[in-house]
Amino acid sequence: MTDADEVWGCIVVGGGVMGSATALQLVERGVRTLLLEQFTLPHTRGSSVGGTRVIRRAYREQLAYMADIVTESISMWEQLQDKTGVKLIVPKPFVVVADRTVEGVRSKARTLQTAGLPHRLAGGPALRADFPALHYPVGFTGLVDEKGAQIRADKAIKCLQPEVFIICFYRSLCSQEVFSQKGGVIRDGVKVETITPGDVITLSTSRGTYRTRRLVLTCGPWAGDVLAGVGLHPPLQVMPINLLYMRKSQGEPISVRDDFPCLFDDDSEVGAFPSLEHPDTIKISFSQQGGTDRGHTAHPDRRDADMAAQLAADQAFLKDYVSKHFPDFENQPCVVERCMYTNTPDGNFILDRYPSHSNIVFGTGFSGHGFMAAPVVGQLLCQMVLDLPTSYDVTPFRLSRFPRKTSSL
Ligand SMILES: Cc1cc2nc3c(=O)[nH]c(=O)nc-3n(C[C@H](O)[C@H](O)[C@H](O)COP(=O)(O)OP(=O)(O)OC[C@H]3O[C@@H](n4cnc5c(N)ncnc54)[C@H](O)[C@@H]3O)c2cc1C
């Protein structure tokens with residue numbers, strides 16, 4: 001049978017963390033699933049690149065439901081970790097600091113309180129007693145979420161992607177046939193160009209035509225282009241983000257691994273944490289959680305074009321920030337990398353279905369906090385496309401919360 005003859009149970013477009021998590025859920029439910037990715041895997045072009053992501057549940061109260069979603073995601077990541085034998089989760093306290101925007105910190109503390117998660121408020125000097133690398137003055141308020149963690153992002157995606165999962169199962173003595181019978185296939189280097197909805201959906205791609213009964217679109221920064229092709233125009237803003245890796249200054253007695261938490265500054269939206277991919281460095285960047293207009297926007301195919309001015313501005317600000325608050329670190333980056341946020345106006349995800357064709361579902365707008373929640377997002381997108389009851393209320397994630405701007409097919 002050729003690709004054009006086969007009608008898949010479900011096609012998932014986009015081999016980032018969201019598409020991979022969704023495909024795995026579908027495969028585990030016995031749906032014959034094809035995961036299509038435009039680039040050769042693994043690649044460094046989307047939002048899921050890099051070796052480290054932060055897991056935290058200190059959300060403002062308006063988004064308090066996210067704390068439960070992240071809690072369940074952590075246990076799903078842990079199950080994947082146990083199944084594959086690959087260490088994915090690294091416990092690491094999460095700290096939010098603020099001077100001007102203290103009410104936001106208190107709101108996050110109330111979320112942790114309601115969720116029953118251990119936490120404490122601490123001023124600058126008290127923070128330094130726990131985390132010797134942090135230097136914040138008395139006026140700063142810090143919230144410490146004891147149960148924060150980091151995830152090894154690159155390894156996590158490899159464990160999610162069904163074909164690699166075969167290898168992981170294989171290593172743990174499960175037979176390849178068992179997995180193949182479940183029916184998961186990945187094709188990379190295949191760009192979806194047009195989508196024709198129907199009971200059987202037709203996808204024209206850079207490598208021929210595919211047909212499927214159900215479709216999930218998880219296209220990250222390219223979601224605007226792909227959804228526009230089916231007449232949907234979610235309010236997405238793609239932001240290339242500069243990631244600066246700073247080394248500890250020579251001779252300083254602190255330990256990057258032990259004395260530095262995952263940190264987010266609510267005033268300046270600076271995020272900093274120990275890097276798992278470049279040991280003995282911290283990774284520091286602007287960490288907008290969406291909903292702000294600061295920064296350079298770009299089409300994802302031109303991510304690195306015209307970034308010189310933004311990089312210079314980021315470096316100047318972050319150099320000053322490091323000198324003030326992390327003085328044991330060099331304030332010049334030893335490595336600079338880049339990644340893209342896909343932001344919505346309210347910073348929250350979009351999980352929805354195509355209005356007139358319920359067999360097409362999409363997930364986008366995961367901004368700077370999608371990775372940790374990917375297992376539950378994958379579960380929800382899988383449940384939605386299979387018309388099953390969803391394990392969480394998806395109303396807050398509907399596209400209809402934004403003013404409508406659609407053109408019908
Ligand atoms: C700098 C930075 C820091 C972050 N920090 C954190 C953090 O600490 N904690 C956290 O939880 N989250 C964090 N995030 C957010 C998280 O990484 C993202 O929300 C998540 O990776 C989004 O995954 P995705 O699958 O939606 O997108 P992507 O990873 O971009 O995947 C989309 C895929 O779709 C493919 N695709 C697109 N169009 C097509 C097409 N037409 N045909 C075929 N394939 C297509 C793309 O090539 C891409 O591989 C951060 C993000 C950034 C940028």
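The shown structure was predicted, so the numbers you read here are calculated from the model rather than taken from an experiment.

**Some thoughts on the overall build of the protein chain**
When its secondary structure is counted, the protein chain shows 11 helices and 21 strands. Scaling as 2.2 N^0.38, a compact globule of 409 residues should have a C-alpha radius of gyration of about 22 Å, and the protein chain matches this with 21 Å. C-alpha atoms of the protein chain, sized along the principal axes, occupy 65 × 50 × 40 Å. Counting over 409 residues, the protein chain shows a buried share of 55%. Put simply, of all contacts in the protein chain between residues at least 6 apart along the chain, 73% involve residues at least 24 apart. In the form shown here, the protein chain has an accessible surface area of approximately 17,000 Å², with 50% of it arising from carbon and sulfur atoms. When the 43 positive and 44 negative side-chain charges of the protein chain are each reduced to one mean point, those points stand 1 Å apart.

**Let's talk about the packing of aromatic side chains**
Summed over all chains, the structure comprises 12 aromatic pairs. Relative to Phe 329, the ring of Phe 260 has its centre 5.6 Å away and its plane inclined at 80°; by these criteria the two rings are edge-to-face. You can see Phe 260 sitting in the loop between helix H9 (256-259) and strand S16 (262-265) and its partner Phe 329 sitting in the loop between helix H10 (308-325) and strand S19 (335-343), a full 69 residues away along the chain. Of the residues examined, Phe 260 reaches a relative accessible area of 0% and is grouped as buried.

**Considering the packing of helix H2 (residues 65-84) against helix H11 (residues 374-385)**
One can describe the packing of H2 onto H11 by two numbers: an axis separation of 7 Å at closest approach and a directional angle of 100°. In this view, H2 runs roughly perpendicular relative to H11, as classed from their interaxial angle. Here H2 contributes Ile 69, Glu 72, Ser 73, Met 76 and Trp 77 to the contact with H11, which in turn contributes Ala 374, Pro 375, Val 376 and Gln 379. Per-class residue counts for the contact of H2 with H11 are six nonpolar, two polar and one charged.

**Overview of the sheet that holds strand S9 (residues 149-152)**
An order of S4-S9-S5 is seen for the three strands of this open sheet, with the pairing classed as antiparallel. The sheet is open, and its two borders are formed by strand S4 (52-55) and strand S5 (89-91), each paired with just one other strand. Neighbouring strand axes in the sheet, compared pairwise and without regard to direction, differ in orientation by 30° on average. Here H2 sits on the sheet in contact with S4, S5 and S9, set at roughly 120° to S5.

**Thoughts on the sheet that holds strand S8 (residues 141-145)**
Within a sheet, adjacent strands bond to each other through the backbone by hydrogen bonds, running parallel or antiparallel. Spatial strand order, S7-S8-S6-S16-S17-S18-S15-S19: eight strands in an open sheet with mixed pairing. Of all the strands in the sheet, just strand S7 (119-123) and S19 have a single pairing partner and so form its edges. Pairs of neighbouring strands in the sheet enclose a mean axial angle of 20°, with direction left out of account. As defined by bridge partners, S7 adjoins S8 across five bridges and the pair is classed as antiparallel. In the strand pairing of S8, His 119 is matched with Asp 145. Of the strands in this sheet, strand S6 (94-98), S7, S8 and S16 are in contact with helix H3 (residues 102-114), which crosses S8 at around 20°.

**Things to note about the pattern of salt bridges**
For the coordinates displayed, the defined rule picks out 16 salt bridges. Where salt bridges share partners, they join Glu 61, Glu 103 and Arg 110 into one cluster.

**A short note on the confidence of the model for the protein chain**
Looking at the protein chain, pLDDT values average 91 and 91% of them are 70 or higher. Throughout residues 167-180 the model reports pLDDT below 50, and contacts reaching past four residues in sequence, or to other chains, amount to 13 contacts.

Procedures and definitions
Residues numbered from 1 in each chain as written. Predicted model: local features only at pLDDT ≥ 70, side-chain atom pairs only at ≥ 80, totals over all residues. Heavy atoms only, no water. Helix = DSSP H or I, 4+ residues; strand = E, 2+ residues; numbered from the N terminus. Rg over C-alpha atoms; globule rule 2.2 N^0.38 Å. Buried < 20%, exposed > 50% of the residue type's maximum accessible area, 1.4 Å probe, protein only. Contact = heavy atoms within 4.5 Å. Areas by Shrake-Rupley, 256 points an atom, 1.4 Å probe, with all protein chains shown as cover. Lys, Arg positive; Asp, Glu negative; His and termini not counted. Charge placed at Lys NZ, Arg CZ, Asp CG, Glu CD. Phe/Tyr/Trp six-rings, centres within 6.5 Å; stacked < 30°, edge-to-face > 60°. Axes fitted to C-alpha atoms, helices over the stretch in contact; angles between N-to-C directions. Parallel < 35°, antiparallel > 145°, perpendicular 65-115°, else oblique. Nonpolar A, V, L, I, M, F, W, Y, C, P; charged D, E, K, R; others polar. Pairing = 2+ DSSP bridges. Salt bridge = Lys/Arg side-chain N within 4 Å of Asp/Glu carboxyl O. pLDDT = per-residue confidence, 0-100.

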